[in-house]
Amino acid sequence: MACCVAVLIKENLIYLRRSTEELKFLFLIHASIDILDDKVNQLTKPGGDRDAKDFYLGLLYPVEEYKIYGYVSPTRVKFILIFEHSTSISLKDADIKLLFQRLHQAYIDCISNPFYEPVTQLKSKRFEQVVSSLMVQTDSMASSCR
């Protein structure tokens, strides 16, 4: 099950949803920002081996009972998903990439609203619905793969 979904612009957290109110998730998100930035810098430097449009970064790092995955949009908006180890074992990389693409599309739809103020907290019912479906969907995907 996805335990946490975070959206950041630079180092500003503009959206956070957690399955529990643990401070551990905030620590994991902030610790993963440096790793995310390092991977993006490696991809964008001249002679990089990946397409500049493909910013799915995959597994950033595993810790204790969680695995942290990252995705960066072409405009450098950072998306972080945190999964429990038991769920992430059964999820494939392609499944997680699709989850990030759905999250990114929901973000685009949210900020396309003319009344949205840039770099403020995301407050959209539609975005919340997509995040809710991602958190439930990953749980059902994991149970169907067992």
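Conventions we followed
- Residues numbered from 1 in each chain as written.
- Predicted model: local features only at pLDDT ≥ 70, side-chain atom pairs only at ≥ 80, totals over all residues.
- Heavy atoms only, no water.
- Helix = DSSP H or I, 4+ residues; strand = E, 2+ residues; numbered from the N terminus.
- Buried < 20%, exposed > 50% of the residue type's maximum accessible area, 1.4 Å probe, protein only.
- Contact = heavy atoms within 4.5 Å.
- Core = buried A, V, L, I, M, F, W, Y, C linked by side-chain atoms within 4.5 Å.
- pLDDT = per-residue confidence, 0-100.
- Pairing = 2+ DSSP bridges.
- Axes fitted to C-alpha atoms, helices over the stretch in contact; angles between N-to-C directions.

**Q** An account of the overall build of the chain is requested, with residue identities and associated values reported.
**A** Helix and strand counts for the chain come out as four helices and five strands. Listing every helix and strand of the chain by position from the N terminus yields β-β-α-β-β-β-α-α-α. Looking at the chain as a whole, 42% of its 146 residues qualify as buried. Restricting to contacts in the chain with at least 6 residues of sequence separation, those with at least 24 account for 55%.

**Q** Before we move on, could you go through the nonpolar core and cite the residues and values that matter?
**A** Within the largest apolar cluster, 28 residues are counted, with the highest numbers of intra-cluster contacts made by Tyr107 and Phe127. Contributions of two or more residues to this core are made by strand E1 (2–9), strand E2 (12–18), strand E4 (66–72), strand E5 (77–84), helix H3 (93–111) and helix H4 (125–145). Among the elements that line this core, the one with the most residues is H3, at seven residues. Apart from the residues lying within four places of it in its own chain, the contact partners of Tyr107 are Val7, Ile9, Ile14, Val77, Phe79, Leu122 and Phe127. By size, the runner-up hydrophobic cluster in this structure holds 20 residues, among which are Leu36, Tyr66, Ile80 and Ile82.

**Q** I'd like a rundown of unusual backbone geometry, residues and numbers included.
**A** Backbone geometry at Lys10 places phi at a positive 55°, although glycine is not the residue there. Topologically, Lys10 is positioned in the loop between E1 and E2. Its identity as a non-glycine residue notwithstanding, Arg76 has a phi of 70°, on the positive side. Inspection of the secondary structure assignment puts Arg76 in the loop between E4 and E5.

**Q** With reference to specific residues and values, describe the confidence of the model for the chain.
**A** On average, residues of the chain score 85 in pLDDT, and 86% of them reach the 70 mark or higher. Mean pLDDT in the chain bottoms out at helix H2 (residues 85–90), which sits at 72, and peaks at E4, which reaches 94. Confidence drops under pLDDT 50 across residues 142–146; counting only partners more than four residues distant or on other chains, this segment forms four contacts.

**Q** Tell me what's going on with the sheet that holds E5, and back it up with residues and numbers.
**A** Pairing is antiparallel in the open sheet, where five strands are placed in the order E2-E1-E5-E4-E3. Each edge of the sheet is formed by a strand with only one pairing partner; in this case those strands are E2 and strand E3 (56–63). Recorded for the sheet is a direction-independent mean angle of 15° between the axes of neighbouring strands. In terms of strand pairing, E3 meets E4 through six bridges, oriented antiparallel. Looking across to E4, one finds that Val63 is bridged to Tyr66. Against the sheet, helix H1 (residues 23–44) contacts E1, E2, E3, E4 and E5, and its axis sits at roughly 135° relative to E3. On top of the sheet, H3 reaches E1, E2, E3, E4 and E5; it is set at about 135° to E5, its chief contact.

**Q** So what's going on with the pairing of E4? Which residues, and what values?
**A** Counted residue by residue, E4 has seven buried out of seven residues, so it is predominantly covered. Alternating positions in E4 separate into two faces, Tyr66, Ile68, Gly70 and Val72 on one and Lys67, Tyr69 and Tyr71 on the other, with burial throughout. Linking two consecutive strands that pair antiparallel, namely E3 and E4, is a turn of two residues; a positive phi of about 25° is found at Glu64 within it. With seven bridges connecting them, E4 and E5 associate as antiparallel partners. Paired with Ile68 across the two strands is Ile82, which belongs to E5. Once E4 ends, the chain turns through four residues before running back antiparallel as E5, passing Arg76 with a positive phi of about 70°.

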